[in-house]
Amino acid sequence: MSTQPEYDVLVVGGRAAGASVAQLLARQGRRVLVVDRDEFPSDTMSTHFMGLPAVGALKRLGVLNDILAAGFRRITRHRSWVDDCCFEGPAGPPSTFSLAPRRIVLDSTLLDHAVRAGAQFEQRTRVDGLLHEDGRVAGAVLQTVGGERREVRARVVIGADGKSSKVAEWVGAEKYDAVPALRPAYYAYFHGIEPRPEATLEIWFGGDQIGFLFPMREGEDCIALEIQPEEFDEFRSGHAAFFEARVRELPQMARRMQNAHIEGKVIGVKGIDNYFRKPYGPSWALTGDAGYLKDPSTGLGIGDALEQSFMLAEALGAWFDGADWEATMSAFQQRRDKAMKPAYDATLAFTRMRDMAPAEQNVLKAVFLSPGTTRAIAHSMVAQLSSLLPPAALGETAFISKMFAPAPELAKS
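What you are looking at is a predicted structure, and each value in this text was computed from that prediction instead of being measured. (Residues numbered from 1 in each chain as written. Predicted model: local features only at pLDDT ≥ 70, side-chain atom pairs only at ≥ 80, totals over all residues. Heavy atoms only, no water.)

A. Local environment of the pairing of strand β1 (residues 7-12). Counting buried positions over the six residues of β1 gives six, a clear majority of the element. Sheet topology note: the β1/strand β8 (residues 149-159) ladder contains five bridges and is parallel. Bridging from a neighbouring strand, V9 pairs with V156 of β8. Across four bridges, β1 lies against strand β2 (residues 32-35) in parallel orientation. Note on β2: the bridge partner recorded for L10 is L33. (Buried < 20%, exposed > 50% of the residue type's maximum accessible area, 1.4 Å probe, protein only. Helix = DSSP H or I, 4+ residues; strand = E, 2+ residues; numbered from the N terminus. Pairing = 2+ DSSP bridges.)

B. Expanded view of a nonpolar patch on the surface. Side chains of M381, V382 and L388 sit close together on the surface and give an oily, nonpolar patch of about 300 Å² of accessible area. Inspection of the secondary structure puts M381 in helix α12 (residues 371-383). Taking relative accessible area as the criterion, M381 reaches 45% and is therefore assigned partly exposed. (Patch = residues over 30% accessible without salt bridge, like charges linked within 9 Å, V, L, I, M, F, W, Y side chains within 5 Å. Areas by Shrake-Rupley, 256 points an atom, 1.4 Å probe, with all protein chains shown as cover. Salt bridge = Lys/Arg side-chain N within 4 Å of Asp/Glu carboxyl O.)

C. Examining the sheet that holds strand β11 (residues 200-206) more closely. Pairing is mixed in the open sheet, where seven strands are placed in the order β4-β3-β11-β12-β13-β10-β14. Whereas interior strands pair on both sides, the edge strands pair on one side only; in this sheet they are β4 (85-90) and β14 (261-269). Across the sheet, the mean angle from the axis of one strand to that of its neighbour is 15 degrees, orientation sign disregarded. Strands in contact with helix α11 (residues 358-369) are β3 (77-82) and β4; relative to β4, the strand with the most contacts, it is inclined by about 60 degrees. (Axes fitted to C-alpha atoms, helices over the stretch in contact; angles between N-to-C directions. Contact = heavy atoms within 4.5 Å.)

D. Focus on empty space enclosed by the protein. Summed over the entire model, instances satisfying the criterion amount to one cavity of 30 Å³ or more. Taken as a whole, the largest cavity spans an internal volume of roughly 70 Å³. Taken together, R73, E194, P195, R196, E198, A199, T200, E202, L213, P215, D221 and R256 form the lining of the largest cavity. Those elements giving two or more residues to the lining of the largest cavity turn out to be β11 and β12 (209-215). (1 Å grid on protein atoms, 1.4 Å probe; cavity = no way out; pocket = protein on both sides within 12 Å on 5 of 7 lines; lining within 4 Å. Points joined across faces, edges and corners; volume = space filled by probe spheres on them.)

Given below as structure tokens:
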């Protein structure tokens, strides 16, 4: 049997992380095989939300128009509730928007584009183990449903197989900055919720839970709840009834859900672990949730997976073209961590935060009674942001605020 690699890259996992890195590597002219144990199109647990950077990544990958053509609404407003007080603003500068696509559409679209770029894809195919030669990974043993087990050789194996990554387990990828799961989370798809005038991401804080509404297609929304660990056992025992009751208790939702119904089941998880993993070793690499994972409360997971794909494809491209493996991949790890660590820390702080006591909520409501006081608070808040926000959040706020400024030629007119 020949030991020459059949492929430059074997990607294990064909969802957002795997499909996007496969497309980028195929664009470089690499021989790419993607395998996934699932059949596509199919669903998977997800936050669904894609903010401005993630939407930008879809555009760079050339798939944004396909997602919009599938009917997913441009989210142009963000609304945050603190108890029954509401803060609302634009989702971004004019002409920008967020999205919340169903994964059954997003993942298949990304895979289609990977195949069009030249990657091969095999579904219903699991990886039973890795091949090793001379102290490095040399490929994998594949088992396709209804087919024979076979060995596939590749110059690099990429684990894009999610938080329970078998690739990461087999190569012994070490975790660091790890924090155990913080909150249980549940979500469901609803049809018939009374919509806002514009598609609006809504977040509710109160009662030490966080509620989310993600507008999807017309008449279709995803609603999620993050609860506290001490509630999990009770919630799990009758989660569908508990879930819908909790959602109806959110401000304005009892009225807006009068004609709504749930599609399918309520989906839940006890919690999501938080960690970084070393994302490379001898002829292997990790991306997406396999290499870096955090609580879903900030909705950054899909966007972070896509951004990692750009970083990893660039690094591997340099190596294929002759760069040193260790130097190139070490630089990839450093670049990834520098880009992702601020959001990781901010997510942990966000998820750990408990809600205001009733007395503090009453003060907030008193502020909203007076338009003049509300306006004064807004002015004061902007003036004191440097002392209120951590450096990473302050930098992000400053960057986004510049996006709202008119172009120079418009400012002069």
